[in-house]
Amino acid sequence: MTLTKNKYYFEALDNYPYSLPECLEALNYALSYDPEDADSLCLMGRIYSEMLSDYEKAKLYFEEAMLYDVNNLNTPQYYIKCLLDNEDYQEAEKLIEYSLKIKGIDKSNLWFYRSLLSEKRGSFNNALKFLDEAAKYCFNEHSLNVVKDRKKFIKSKIPKKNKIKKKKETE
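Residues numbered from 1 in each chain as written. Predicted model: local features only at pLDDT ≥ 70, side-chain atom pairs only at ≥ 80, totals over all residues. Heavy atoms only, no water.

The number of helices and strands found in the chain is ten helices and zero strands. Mapped from its N terminus to its C terminus, the chain presents α and β elements in the order α-α-α-α-α-α-α-α-α-α. Along the first, second and third principal axes, the C-alpha atoms of the chain reach 65 × 30 × 30 Å. Across the 171 residues in the chain, those meeting the buried criterion constitute 41%. Looking at the chain alone, contacts between residues at least 24 apart form 50% of all its contacts between residues at least 6 apart. Summed over all atoms, the accessible surface of the chain reaches about 10300 Å², with 51% contributed by carbon and sulfur. Of the side chains in the chain, 28 bear a positive and 28 a negative charge, and the two mean positions are spaced by 13 Å. (Helix = DSSP H or I, 4+ residues; strand = E, 2+ residues; numbered from the N terminus. Buried < 20%, exposed > 50% of the residue type's maximum accessible area, 1.4 Å probe, protein only. Contact = heavy atoms within 4.5 Å. Areas by Shrake-Rupley, 256 points an atom, 1.4 Å probe, with all protein chains shown as cover. Lys, Arg positive; Asp, Glu negative; His and termini not counted. Charge placed at Lys NZ, Arg CZ, Asp CG, Glu CD.)

Below you can see the structure in the form of structure tokens.
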């Protein structure tokens, strides 16, 4: 049964996001074989979050996935993004703190989301600090470039007065 469920899950994953009807068909098959499969539930959450912008329904799928496999490496990252998009900042912050303790998870991505959370709250200096932390966990050039580009972008959003004030403080 696990092989069949995995077959349908991988088929759904292969079709996401390019062929949603085929993705959903395969995903429903996977969930019919194992309704508690965290990866399948996570993918369903992604569909509702990323494609349909139905964040409340997506959150239900992500919560269920976390319930069945609290150490799943995929679910927290997509769940955090969903929470940020839905402006559930406190929940996102708690999930980031918890997720940083999961062994093997992409910490660079989590610190990046923590930076995004600070930026959305208007705390640009904290956002830059969290991006510095994200850079420490970048292990390929692409992710490091994403972090550097984001730093430039955030710096461009900081009002000129703050930049002058910050320079005076460091002198």
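Turning our eyes to something else, we now look at helix α9 (residues 141-157). Here α9 is 17 residues long and its end C-alpha atoms lie 25 Å apart, about the 24 Å a rise of 1.5 Å per residue gives. Among the residues of α9, those classed as buried are Ser 143, Val 147 and Ile 154. For α9, the angular spread of the buried residues around the axis is 40 degrees, confining them to a single face. For α9, exposure combined with an orientation more than 90 degrees from the buried face picks out Glu 141, His 142, Lys 152 and Ser 156. (Expected span 1.5 Å × (residues − 1). Arc of directions from axis to C-beta.)

This part is about the layout of surface pockets. By rolling a water-sized probe across the atoms, one finds the places where empty space is left. If you add up the space inside the largest pocket, you get close to 210 Å³. Together, Asp 106, Lys 107, Ser 108, Asn 109, Phe 112, Tyr 137, Cys 138, Phe 139, Asn 140, Ser 143, Val 146 and Val 147 line the largest pocket. Secondary-structure elements contributing two or more residues to the lining of the largest pocket are α7 (107-120) and α9. Considering each element in turn, the lining of the largest pocket owes the most residues, four residues, to α7. (1 Å grid on protein atoms, 1.4 Å probe; cavity = no way out; pocket = protein on both sides within 12 Å on 5 of 7 lines; lining within 4 Å. Points joined across faces, edges and corners; volume = space filled by probe spheres on them.)

Before going further, it helps to examine the environment of Lys 107. Relative to the helices and strands, Lys 107 resides in helix α7. Among the residues examined, Lys 107 registers a relative accessible area of 22% and is labelled partly exposed. Excluding residues that lie within four positions of it along the chain, Lys 107 makes contacts with Leu 100, Ile 102 and Tyr 137.

For the α-helix, the turn length of 3.6 residues means that residues three or four positions removed from each other point alike. Judged by how many residues are buried, helix α5 (residues 75-85) sits mostly within the fold: eight of eleven residues are covered. Among the residues of α5, those classed as buried are Thr 75, Pro 76, Gln 77, Tyr 79, Ile 80, Cys 82, Leu 83 and Leu 84. Each element contacted by the buried residues of α5 is listed here: α3 (38-51), α4 (55-68), α6 (89-99) and α7. The positive-phi residue at the C-terminal boundary of α5 is Glu 87, with phi of around 60 degrees.

Our focus in this paragraph is the environment of Leu 84. Note that Leu 84 resides in helix α5. Put simply, Leu 84 and Arg 46 are 38 residues apart on the chain and 13 Å apart in space, counted from C-alpha to C-alpha. Beyond its immediate stretch of four places on either side in the chain, Leu 84 contacts Tyr 89, Ala 92, Tyr 113, Leu 116, Leu 117 and Lys 120.

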